[in-house]
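# Architecture and fold: a report
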Amino acid sequence: KKVCLMYDDYIPALVCEYFTINELPPGTASASYVETLELSYEVNETISVDFTVPVAIQNTWIGVYNFDQANNDMSSIPEPLAWMYTACNNVAGDQTENNDCAATASSGTVEIDGRFDADRWTTGWPLPSFIYRVCLSFYNNEPYEEFICSNSTFAITSASISVPSEVDFGSEIVVSFSNPDAVFSNWIGIYDSDTDPAGDDDLFWSSMCGSQEDWEEPECPPQTSGSVTFAGMDPDLESEEQWPPSPGLKKVCLMY
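On a predicted model such as this, the values are computed, not experimentally measured, just so you know. (Residues numbered from 1 in each chain as written. Predicted model: local features only at pLDDT ≥ 70, side-chain atom pairs only at ≥ 80, totals over all residues. Heavy atoms only, no water.)

### Remarks on the state of the cysteines
Summed over the entire model, instances satisfying the criterion amount to 4 disulfides. Here C88 pairs with C101 through a disulfide, and the sulfurs are 2.1 Å apart. Sign of the S-S torsion, about 95° for the bond between C88 and C101, identifies this disulfide as right-handed. Here the residue C88 occupies a position in the loop between strand 7 (82-85) and strand 8 (107-112), and C101 occupies one in the loop between strand 7 and strand 8, the gap between them amounting to 13 residues. Residue classification places C101 among the buried residues on the basis of a relative accessible area of 1%. (Disulfide = S-S within 2.5 Å. Helix = DSSP H or I, 4+ residues; strand = E, 2+ residues; numbered from the N terminus. Buried < 20%, exposed > 50% of the residue type's maximum accessible area, 1.4 Å probe, protein only.)

Structure (structure tokens):
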């Protein structure tokens, strides 16, 4: 960069001096953390995002992306669909003459919702039903090359599922669901608790009709409500694990 002492607008500078702005300390982004508090939200529900950074920087922001448009393997991330400053929890900042956020925060929770549906977003609120990911950017100017994205994705959906909080080893697992916007490609998967359903293999899966045989229409038309039972008795069962699932914390997900 260079800094110059100017005489007046459109007049050559009186004197300039060059200087260098250093990069963030190595590992700053990778040592940071950003994740949504929930794996799914209803349409128009506030999206709460927890974050922690080792270096608090002004104008740091958290953005929401379609799950396949941003991840930690990228060299930079694009403009987000919706975003908020981490320290100001808004898009307006805390300054009177501009929309910068001079405050800093090393940790906290950002709440993304329709309060700040602004022309600085690339989409309107509410976000539609889909699978998303959140990313935290230290840069407020493109290219956004210093960032961390969540390992997990989250869904915005009108669907819901329920499963008993505890299941005896070897017992069947009954998953109840409601899915008003059902499509024929929906399915239900069982995962280890620390895996990302968007990128990791399921342990067991089933169509919404209760097996793997009736996967496509017309055998299994879109199901708006019902239940699926996992019991290891489907002769065509293809899974990462053999029945019964190993003990430990699991999660069940309704997939798009």
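So that's the structure; there's more coming.
### A few points about the nonpolar core
With 39 residues, the main nonpolar core has I47, I62, I77, I112, W121, L136 and F154 as its most contacted residues. Secondary structure elements with two or more residues in this core: strand 5 (47-52), strand 6 (61-66), strand 7, strand 8, strand 9 (130-137), strand 10 (147-149) and strand 11 (154-156). If we skip the residues at most four places from it in the chain, I77 touches W61, Y65, A70, C135, S137, Y144, F147 and C149. Formed by 12 residues, the second largest nonpolar core is a distinct cluster that contains I173, L203, F204 and V228. (Core = buried A, V, L, I, M, F, W, Y, C linked by side-chain atoms within 4.5 Å. Contact = heavy atoms within 4.5 Å.)

### As for the sheet that holds strand 15 (residues 204-207)
Strand order in the open sheet made by the 3 strands is 15-14-17, with antiparallel pairing throughout. For this open sheet the edge positions go to strand 15 and strand 17 (250-255), each flanked by a neighbour on one side alone. With direction set aside, neighbouring strand axes in the sheet form an average angle of 20°. (Pairing = 2+ DSSP bridges. Axes fitted to C-alpha atoms, helices over the stretch in contact; angles between N-to-C directions.)

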